Amino acid sequence: MANYLQEIGEVSKIKLHGHIDASIAPALMEELKPLIAQKDKIKKLVFYADELEYIASAGIRAVVFAKQKLGGKVQVYLIGASEMILDVFKMTGIDKFLTIQDTFAE
Amino acid sequence: MLHCKEFPSKREFLPQMLTEITGEIKKYFTDDKWINRLKVCAEEILVNIIDYSGSEKIFISCDFLAKEKTLHFEFVDEGELYNPLEEVPEVDIDAEMDVRQIGGLGIFLYKTIMDKLEYHCDDGKNHLLAYKKLV
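Summary of the structure given here. Predicted, not measured: the structure shown is a model, and the values here were computed from it.

Calculation notes
- Residues numbered from 1 in each chain as written.
- Chains lettered and ligands numbered in written order.
- Predicted model: local features only at pLDDT ≥ 70, side-chain atom pairs only at ≥ 80, totals over all residues.
- Helix = DSSP H or I, 4+ residues; strand = E, 2+ residues; numbered from the N terminus.
- Buried ≥ 20, exposed ≤ 12 C-beta atoms within 10 Å, placed from the backbone.
- Contact = placed C-beta atoms within 7 Å.
- Nonpolar A, V, L, I, M, F, W, Y, C, P; charged D, E, K, R; others polar.
- Pairing = 2+ DSSP bridges.
- Axes fitted to C-alpha atoms, helices over the stretch in contact; angles between N-to-C directions.
- Arc of directions from axis to C-beta.

A few words on the overall build of chain B. Looking only at helices and strands, chain B features 3 helices and 5 strands. Mapped in sequence order, the helices and strands of chain B form the string β-α-α-β-β-α-β-β. Expressed as lengths along the three principal axes of its C-alpha atoms, the size of chain B is roughly 45 × 35 × 25 Å. With 135 residues in all, chain B has 32% of them scored as buried. Here the contacts in chain B between residues at least 6 apart in sequence split such that 64% fall between residues at least 24 apart.

As a further point, take the overall build of chain A. Helix and strand counts for chain A come out as 3 helices and 5 strands. Each helix and strand of chain A, ordered N terminal to C terminal, gives the series β-β-α-β-α-β-α-β. Projected onto its principal axes, the C-alpha positions of chain A cover 35 × 30 × 20 Å.

Bringing the interface of chain A and chain B into the picture now. The partner chain B presents 20 residues to the 21 residues of chain A that form the contact. The set of elements that each furnish at least two residues to the side of chain A that touches chain B consists of helix 2 (57-70) and helix 3 (83-92) of chain A. In terms of residue count, helix 2 of chain A provides more of the side of chain A that touches chain B than any other element does, 7 residues in total. Here the residues of the side of chain A that touches chain B sort into 10 nonpolar, 6 polar and 5 charged.

All names here are of chain B. With 5 bridges joining them, strand 1 (residues 2-8) and strand 2 (residues 57-65) adopt antiparallel strand pairing. Looking across to strand 2, one finds that glutamate 6 is bridged to phenylalanine 59. Pairing of strand 2 with strand 3 (residues 70-77) involves 8 bridges; the strand directions are antiparallel. Pairing of isoleucine 58 across the sheet is with aspartate 77, part of strand 3.

Once that is clear, we can look at the sheet that holds strand 4 (residues 75-79) of chain A. Residue and element names in this part refer to chain A. Strand order across the open sheet formed by 5 strands is 1-2-3-4-5, with mixed pairing between neighbours. Since the sheet does not close on itself, it has two edges, and those belong to strand 1 (5-7) and strand 5 (99-101), each with one partner. Neighbour to neighbour, the strand axes of the sheet diverge by 25° on average, direction disregarded. As paired strands, strand 4 and strand 5 are joined by 3 bridges and run parallel to one another. Considered in strand 5, the bridge of leucine 78 is made with isoleucine 100. Contacts between helix 2 and the sheet are confined to strand 2 (11-20), strand 3 (44-55) and strand 4, with strand 3 contributing the most and set at about 175° to the helix.

The next subject is helix 3 of chain A. Residues that lie three or four places apart on an α-helix share one face, since the helix turns once every 3.6 residues. When we look at burial in helix 3 of chain A, the residues that qualify are Ile85(A), Val88(A), Phe89(A) and Thr92(A). With its buried residues spanning 95° around the axis, helix 3 of chain A presents them on a single face. Lining the buried residues of helix 3 of chain A we find strand 3, helix 2 and strand 4 of chain A together with helix 2 (32-53) and helix 3 (105-113) of chain B. The positive-phi residue at the C-terminal boundary of helix 3 of chain A is Gly93(A), with phi of around 80°.

Strands pair in a sheet through their backbones, by hydrogen bonds, and they do so in one of two ways: parallel or antiparallel. Residue and element names in this part refer to chain B. Strands sit in the order 1-2-3-5-4 across an open sheet of 5 strands; the sheet is antiparallel. Two strands bound the open sheet, and with one partner strand each, they are strand 1 and strand 4 (116-122). Each adjacent strand pair in this sheet contributes to an overall mean axis angle of 20°, direction not counted. Packing of helix 2 onto the sheet brings it into contact with strand 2, strand 3 and strand 5 (125-133), and relative to strand 3 it is tilted by some 10°.

Printed below as a string of structure tokens:
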């Protein structure tokens, strides 16, 4: 396990780290499954990205997948992402549907 | 310069391929954002070949066209003939996230980032060429 999933609750937390490329993204998807199984209790999903060094489209797809499975009422946050990481999110237009912050503020 | 360097078309060799390609990119690009963008492009192209072409090998070239101040990449595989530039639906980046198509993002990214992309088949091989002018 890559240990991305930190907490499941009203505010659920995912800690993204290292390189999330096509070979790693399936492990992230796998860790999202127990979270999605408890989607009724989740109000906010927080992706911490301060230790994320690289993300490819496979990683972006995992974020989209989580948002789609959790439904429109769940607010999704991206916290502490570097400019390089944000750049990839912006190019795909996904940034418009995320709350982007340096540190998590409810 | 990389000239037709051969790699096994397998996921476990992806980091090695990207290390070689990134090394070439860094000779000409100094902005971390652009180095990262071009690395993302290379990964998207390579993953498509590895996952879908059925080729056992990938041949990678990367050189700098001094006159045009352009970095040029060529990816060659021996898999099923397929033009990735033609057969993929466009991604609507303004679409609501809840109705987003989850596929096609990778190709969308390298179509967006690169200045020019060309595909041709030659001797039964797929050739994908990508060009990026210095920024």
